[in-house]
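# Descriptive structure summary
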Amino acid sequence: MMKQLVFLLLFVLGFSSAALAKPAVLVPAVTTQNLTANTLDKGGLWSKIKTKVHQFLEEGEAIKIAVIAHITIIGLVIAITMNADKKSELATFYIRQVLGISVLGLLSAIIVFGTALIPLIGPLFIAPIVSVILFIPLLVLFIMSLLSAIKGKKKEVPVVGKMFQKWFASIG
């Protein structure tokens, strides 16, 4: 792989294939005077390379923002501010997903707290069972969302993902 990258780099810089065959003698096929952007852009190769590099950097930034959104509420706020400058569909998508999962987590915590207020049996029996029933699925949704964000693919979490995108459409 490294050898192929070196050959590509040397080709783009204008070294001849004959010079590449003899590594001891590198003779430029194009002189410095006529090595211009137009010379490198025959057939659009230079433009394609620049476009691919730019897309790769933008995707990397969007993935970074999407993953940061998964790091607590503070990470979500940081991701929202990072995404405010350069809007990215991927980052906005995962900001909405994480916001929805966080809201569900908050509602679940309120429900568990409410069940813990039941005298005697609430804190001992009902609240632990309700918390397991509510928080395990939330953890699964969170992990699924995080793994999809790391892969850089927009994949809604099951059951509630479409609702999150609709409810938080104003974000982004």
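Procedures and definitions
- Residues numbered from 1 in each chain as written.
- Predicted model: local features only at pLDDT ≥ 70, side-chain atom pairs only at ≥ 80, totals over all residues.
- Heavy atoms only, no water.
- Buried < 20%, exposed > 50% of the residue type's maximum accessible area, 1.4 Å probe, protein only.
- Helix = DSSP H or I, 4+ residues; strand = E, 2+ residues; numbered from the N terminus.
- Arc of directions from axis to C-beta.
- Polar contact = N/O pair within 3.5 Å; in protein donor to acceptor, adjacent residues only side chain to side chain.
- Core = buried A, V, L, I, M, F, W, Y, C linked by side-chain atoms within 4.5 Å.
- Contact = heavy atoms within 4.5 Å.
- Phe/Tyr/Trp six-rings, centres within 6.5 Å; stacked < 30°, edge-to-face > 60°.
- Axes fitted to C-alpha atoms, helices over the stretch in contact; angles between N-to-C directions.
- Parallel < 35°, antiparallel > 145°, perpendicular 65-115°, else oblique.
- Left-handed = near helix turned anticlockwise from the far one by under 90°.
- Nonpolar A, V, L, I, M, F, W, Y, C, P; charged D, E, K, R; others polar.

### Some remarks on helix α5 (residues 72–85)
Buried residues of α5: Gly75, Leu76, Ala79 and Asn83, and no others. Here the buried residues of α5 occupy an arc of 100° about the axis, which is enough to place them on one side. Exposed and oriented more than 90 degrees from the buried face of α5 are Ile73, Ile74 and Asp85. Regarding α5, its N-cap is Thr72, as a side-chain oxygen of that residue lies 3.4 Å from the backbone nitrogen of Ile74 further along.

### Re the nonpolar core
Core analysis: the biggest nonpolar cluster contains 15 residues, and Ala69, Leu76, Ile95, Ile101, Leu141, Val157 and Phe164 have the highest contact counts within it. Contributions of two or more residues to this core are made by α5, α6 (89–116) and α7 (121–151). Element by element, the count of residues in this core is highest for α6, at five residues. Each residue touching Leu141, except ones within four places of it in the same chain, is listed here: Ile101, Val157, Pro158 and Val160. If you look at the next biggest cluster of nonpolar residues, it comprises six residues, including Ala62, Leu90, Phe93 and Tyr94.

### Considerations on the packing of aromatic side chains
Considering all chains together, one arrives at two aromatic pairs under this definition. Residues Phe93 and Tyr94 carry aromatic rings whose centres are separated by 5.0 Å and whose planes lie at 85° to one another, so their mutual orientation is edge-to-face. A residue is classified by how much of its surface remains accessible, and Phe93, at 8% relative accessible area, is buried.

### Focus: the packing of α5 against α6
α6 packs onto α5 with a crossing angle of 155° between their chain directions and a minimal axis gap of 10 Å. Between α5 and α6, the interaxial angle falls into the category roughly antiparallel. Our pair here, α5 against α6, has a crossing hand that is left-handed. Two secondary-structure elements touch here, α5 through Ile73, Leu76, Ala79, Ile80 and Asn83 and α6 through Ala91, Thr92, Ile95, Val98, Leu99 and Ser102. Across the contact of α5 with α6, the residue classes tally to eight nonpolar, three polar and no charged.

Everything listed here is a matter of geometry and, on its own, says nothing about what the molecule does.
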